[in-house]
Amino acid sequence: NEIILDIKNMKKYYPVYKGLFKKVENHVKAVDDVSLFVRRGETLGLVGESGCGKTTLGKCIVRLQSPTSGEMRYRFDNGDMRDILTLDKQESFSVHKKIQIVFQDPYSSLNPVKTIYDSFEEPLRIHGMGSKAQRKEIIVQLLESVNLRADYMYRYPHEFSGGQRQRICIARALCIRPELMVCDEPVSALDVSIQAQVLNLMKDLQQQMNLTYIFIAHDLSVVEYMSDRIAVMYLGQVVELASSDSLYYSPRHPYTEALLSAVPIPELDKKKERIVLKGDVPSPIDPPQGCRFHPRCEKCQAICRVEAPVLRRVAGTEDHFVACHLVDTLPIELTLQ
Ligand code: SF4
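About the thresholds
Note on numbering: residues in each chain are counted from 1, in written sequence order. The model is predicted, so local features are restricted to residues of pLDDT at least 70 and side-chain atom pairs to those at 80 or more, both for listing and for counting; the totals for chains, interfaces and linings are taken over all residues. The pairing criterion for strands is at least two bridges between them, as found by DSSP. Only runs of H or I of at least four residues qualify as helices and only runs of E of at least two qualify as strands under DSSP, and these elements are numbered from the N terminus. Here an angle of 0 to 180 degrees is reported between the N-to-C directions of two axes, which are lines fitted to C-alpha atoms, with helices fitted over the stretch in contact. Residues are defined as contacting one another if the C-beta atoms placed from their backbone atoms lie within 7 Å. Using a C-beta atom placed from the backbone, a residue is scored as near a molecule or strand whenever that atom is within 6 Å of it. Here the nonpolar group is Ala, Val, Leu, Ile, Met, Phe, Trp, Tyr, Cys and Pro; Asp, Glu, Lys and Arg are the charged ones; every other residue, Gly included, is treated as polar. By convention in this section, buried Ala, Val, Leu, Ile, Met, Phe, Trp, Tyr and Cys residues joined through C-beta atoms within 7 Å make up a nonpolar core. Exposure in this text rests on C-beta crowding, where 20 or more other C-beta atoms within 10 Å of a residue's own make it buried, 12 or fewer make it exposed, and counts in between make it partly exposed. The C-beta atoms are placed from the backbone. UniProt positions are given in the numbering used here, feature names are shortened, and annotations may be inferred rather than shown by experiment. Here the angle decides the label: under 35 degrees means roughly parallel, over 145 means roughly antiparallel, 65 to 115 means roughly perpendicular, and every other value means oblique. By definition, any crossing whose near helix is turned counterclockwise from its far helix by less than a right angle is left-handed, and any crossing with a clockwise turn is right-handed. The length a helix should cover is 1.5 Å for every residue beyond the first. In this description, the arc belongs to the directions extending from the helix axis to the C-beta atoms.

**Notes on the sheet that holds strand 1 (residues 3-18)**
Consideration 1: In spatial order, the strands read 2-1-4-5; together these four strands make up an open sheet with antiparallel pairing. Of all the strands in the sheet, the pair left with one neighbour each is strand 2 (23-39) and strand 5 (81-83). Each strand of the sheet is rotated relative to its neighbour by a mean of 25 degrees, with strand direction disregarded.
Consideration 2: Note: strand 4 (residues 69-75) against strand 5, three bridges, orientation antiparallel. Paired with Arg73 across the bridge in strand 5 is Asp83.
Consideration 3: Lying over the sheet, helix 1 (residues 54-61) contacts strand 1 and strand 2, oriented at roughly 70 degrees with respect to strand 2.

**Brief notes about the site of the ligand**
Consideration 1: The ligand sits among 14 residues. The nearest are Cys291, His294, Cys297, Cys304 and Cys324.
Consideration 2: Taken together, the residues that form the shell around the ligand break down as nine nonpolar, four polar and one charged.

**Observations concerning the nonpolar core**
Within soluble globular proteins, side chains that are nonpolar generally end up buried alongside one another.
Consideration 1: Judged by nonpolar contacts, the single largest core of 80 residues is most densely connected at Ile214, Ala231, Val232 and Val238.
Consideration 2: By residue number, the principal contributor to this core is helix 6 (residues 162-174), which donates six residues.
Consideration 3: Every residue in contact with Ala231, bar those within four places of it in the chain, is listed here: Leu36, Leu44, Leu46, Val238 and Leu241.

**Details of the UniProt feature "domain: ABC transporter" (unreviewed entry) in the chain**
Consideration 1: What UniProt calls "domain: ABC transporter" (unreviewed entry) maps, in this numbering, to residues 5-260.
Consideration 2: The span residues 5-260 is 38% helical and 29% strand by assignment, and the distance between its end C-alpha atoms comes to 27 Å.

**Quick notes on the packing of helix 4 (residues 116-126) against helix 5 (residues 132-145)**
Consideration 1: The contact between helix 4 and helix 5 brings their axes to 10 Å, and the two run at 120 degrees. Considered as vectors, helix 4 and helix 5 are oriented oblique to each other. In the packing of helix 4 onto helix 5, the handedness of the crossing is right-handed. For the pair formed by helix 4 and helix 5, the contact residues are Tyr117, Phe120, Glu121, Leu124 and Arg125 on the first element and Arg135, Ile138, Ile139 and Leu142 on the second.
Consideration 2: Split into classes, the residues belonging to the contact of helix 4 with helix 5 amount to six nonpolar, no polar and three charged.

**Quick look at the sheet that holds strand 11 (residues 312-314)**
Consideration 1: Strands sit in the order 6-7-8-3-9-10-12-11-13 across an open sheet of nine strands; the sheet is mixed. Since the sheet does not close on itself, it has two edges, and those belong to strand 6 (99-102) and strand 13 (329-333), each with one partner.
Consideration 2: Two strands pair when backbone bridges link them, and strand 7 (residues 180-184) and strand 8 (residues 212-216) are joined in this way by five bridges, in the parallel orientation. For Met181, the partnering residue across the bridge sits in strand 8 and is Tyr213.
Consideration 3: Contacts from helix 1 reach strand 3 (43-47), strand 6, strand 7, strand 8 and strand 9 (229-234) within the one sheet, and its direction differs from that of strand 8 by about 150 degrees.

**Notes on helix 5**
Within an α-helix, residues lying three or four positions from one another point in the same direction, as the helix has 3.6 residues per turn.
Consideration 1: Under the 1.5 Å per step criterion, the end-to-end length of helix 5 is 20 Å for 14 residues, consistent within 8% with the ideal 20 Å.
Consideration 2: Of all the residues in helix 5, the buried ones are Ile139, Leu142 and Leu143. Relative to the axis of helix 5, the buried residues are bounded by an arc of 95 degrees and lie together on one face. Exposed residues on helix 5 whose side chains face more than 90 degrees from its buried face are Ala133, Gln134 and Glu144.

**Digging into the environment of Ser221**
Consideration 1: Within the element layout of this structure, Ser221 appears in helix 8 (residues 220-226).
Consideration 2: Linking Ser221 and Pro264, residues 43 residues apart in sequence, is a C-alpha distance of 8.2 Å.

**What about the packing of helix 6 against helix 7 (residues 192-209)?**
In a pair of packed helices, the angle between the axes and the distance between the axes together describe the arrangement.
Consideration 1: At a closest axis distance of 10 Å, the pairing of helix 6 and helix 7 adopts a crossing angle of 20 degrees. What the angle tells us is that helix 6 and helix 7 run roughly parallel. Of the two elements, helix 6 crosses helix 7, and the hand of that crossing is right-handed. Counted together, Gly162, Gly163, Gln166, Arg167, Ile170 and Leu174 of helix 6 and Ile194, Gln197, Val198, Leu201, Met202 and Leu205 of helix 7 form the full contact between these two elements.
Consideration 2: Taken together, the residues of the contact of helix 6 with helix 7 sort by class into seven nonpolar, four polar and one charged.

Take a look at the structure:
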């Protein structure tokens, strides 16, 4: 499938102020030189421990945060890829419509004093979608598409369960017909018994509407179930990127190996040994020199302390990329394919 989004060298730094005059003392490097692309219709999973930068990256993609630097090219209707960080206000508005986000917490994502009808009507009206009667019809269809009754539109958020609220949030994100949805931990606030229902619904909607997902989660089983490809993030950077199968059955980066060692994979379970990482994740204000993972890596070598590994294609694979000095990689960095 064609590339729909291509991110190059994206950085998002937050200033850390000090003293009475609020002098910038340092920066939190939340996202630090990330390059990724997403194909139309696929689900790209983003995983990593909390604080690894995955949510910040998601917010930069939907423009809730402005990246400090980098490029983010999006495919327009005429087929051109254009950097959406440099568009004027009018053009930004039209792209904004194509990229939506679903947040983790369905309880705080809906305005408690607005009916569902009002919460849906507003974005439809702002984006000039149909007459009042047509908009109401769209709301009915959207609620039905997430298996909710049409008359629920006159209710308030507190009248729904967590699972129903998240389905409402998904329907609302869909109301202006986006192409790309950033789903930030969309089921982690839900009861386990409800999670599968919402995930399956998201898969069905993806098929029906040809949606592309960027699926952010810390639960690796959920990410594996949802994703075609997965990017593993550590301290603001992508350390491994591969198809879901390749990553789960043949992880190359020691950090990915450690993360996966805690996830039950039936076929591999007997052979697997739990890898317990030493220490905590270092501060993103002052990340370690060389490979950022080296203070916690069992396989660390002298070179790892001084030279930062680059995300390169693993030898003998088509689309498995890793940033580790010990893996046999080709001098091929991540590029559009
Ligand atoms: Fe470990 Fe070195 Fe690979 Fe970093 S580059 S993950 S420290 S082996």
